[in-house]
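Spelled out, the chains give:
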Amino acid sequence: MSNASIPAASRPLSAAAAERFAREVAKYPADQAQSAVMACLAIVQQEQGYVSLESEKVVADFLGMPQIAVHEVTTFYNMYNQHPVGKFKLNVCTNLPCQLRDGARALAHLEKKLGIHMGDTTPDGLFTLQQSECLGACADSPVMLVNDRTMCSFMSEDKLDQLIDGLRSASAGGAA
C-alpha cells in the first residue's frame, strides 16, 4: 500500500514536521514547551489537512502534556479542523450581534445555495460550511471568514452568491 493511499490522519507526521515542532519548542524556556501547542497544531494541519485525535496525541507526547489539554486547544479555536474539510472553509458569524444583522439569514442562504447544512461539506469536496462564535466585526455583519484568512463583510445574498460562484469558477479554472 502506498503512503498516498493511507488517509492523512492515519499517517505518522513527517520528519520535517517533527523538526518544525522542535524549532517551535526552542522559542520557549525548556520548562514551557507546551507554549508551542498552537504552532504544533498548525503544523499538523498544514501537513495533514486537519487535526485528528491521533495527531493530538503526537503533539501531546512531543510537548509532554496531557492529550486532553491539546484537545481543548483544538476544539476551542475554529482555525483547527477536526475533520477533513472542503477546499473552501466558510465560517459565518452567528453570534447574537451578527444574528441581529442577518448573520443567521446569511448562513441559511448558504445552506440552500450549497445544498448542505452547517457543519457539512459539499459532495464535490469544494465547500465546508461552519458557524463562528465571533469574528470581531459586528458592525460589518453579516461577516464570514474564508479559509481562516479572508474576512468578507456586509455579505448580502447577492454578495454571497457572487462569492460562491467566483470560488467555483476559480476552482474549475485551476483544474483545467
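Residues numbered from 1 in each chain as written. Predicted model: local features only at pLDDT ≥ 70, side-chain atom pairs only at ≥ 80, totals over all residues. Heavy atoms only, no water.

Asker: Looking at this structure, I do not really get the pattern of salt bridges. What am I missing?
Answerer: Where charged atoms from two side chains of opposite charge come close, those side chains can pair. Evaluation of the coordinates by the stated rule reveals 7 salt bridges. Residue Arg 105 is joined to Glu 157 by a salt bridge in which the shortest nitrogen-to-oxygen separation is 3.7 Å. Of the two residues, Arg 105 sits in helix 6 (residues 103-114) while Glu 157 sits in helix 7 (residues 157-175), which places them 52 residues apart along the sequence. For Glu 157, a relative accessible area of 37% puts it in the partly exposed group. Several salt bridges converge on common partners, so that one network encompasses Asp 102, Arg 105 and Glu 157. (Salt bridge = Lys/Arg side-chain N within 4 Å of Asp/Glu carboxyl O. Helix = DSSP H or I, 4+ residues; strand = E, 2+ residues; numbered from the N terminus. Buried < 20%, exposed > 50% of the residue type's maximum accessible area, 1.4 Å probe, protein only.)

Asker: Just to check I follow, could you spell out helix 6 for this structure?
Answerer: Since one α-helical turn is 3.6 residues long, residues separated by three or four positions face the same way. Given a rise of 1.5 Å per residue, 12 residues ought to cover 16 Å, and the 16 Å separating the end C-alpha atoms of helix 6 matches this to within 8%. Gly 103, Ala 106, Leu 107, His 109, Leu 110 and Leu 114 are the residues of helix 6 that are buried. Seen end-on, helix 6 carries its buried residues on one side only, within an arc spanning 160 degrees. Phi for Gly 115, located one or two positions after helix 6, is positive at around 70 degrees. (Expected span 1.5 Å × (residues − 1). Arc of directions from axis to C-beta.)

Asker: Could you clarify how one ought to interpret unusual backbone geometry in this entry?
Answerer: That bond from Ser 141 to Pro 142 is cis: its omega, 0 degrees, falls within 30 degrees of zero. Checked against the element boundaries, Pro 142 lands in the loop between strand 2 (127-132) and strand 3 (144-146). Its identity as a non-glycine residue notwithstanding, Asp 102 has a phi of 80 degrees, on the positive side. Mapped onto the elements, Asp 102 comes out in the loop between helix 5 (96-99) and helix 6. A positive phi is found at Phe 154, a non-glycine position, where the angle reads about 50 degrees. Mapped onto the elements, Phe 154 comes out in the loop between strand 4 (150-152) and helix 7. In this structure Phe 154 comes out as partly exposed when scored by relative accessible area, which is 45%.

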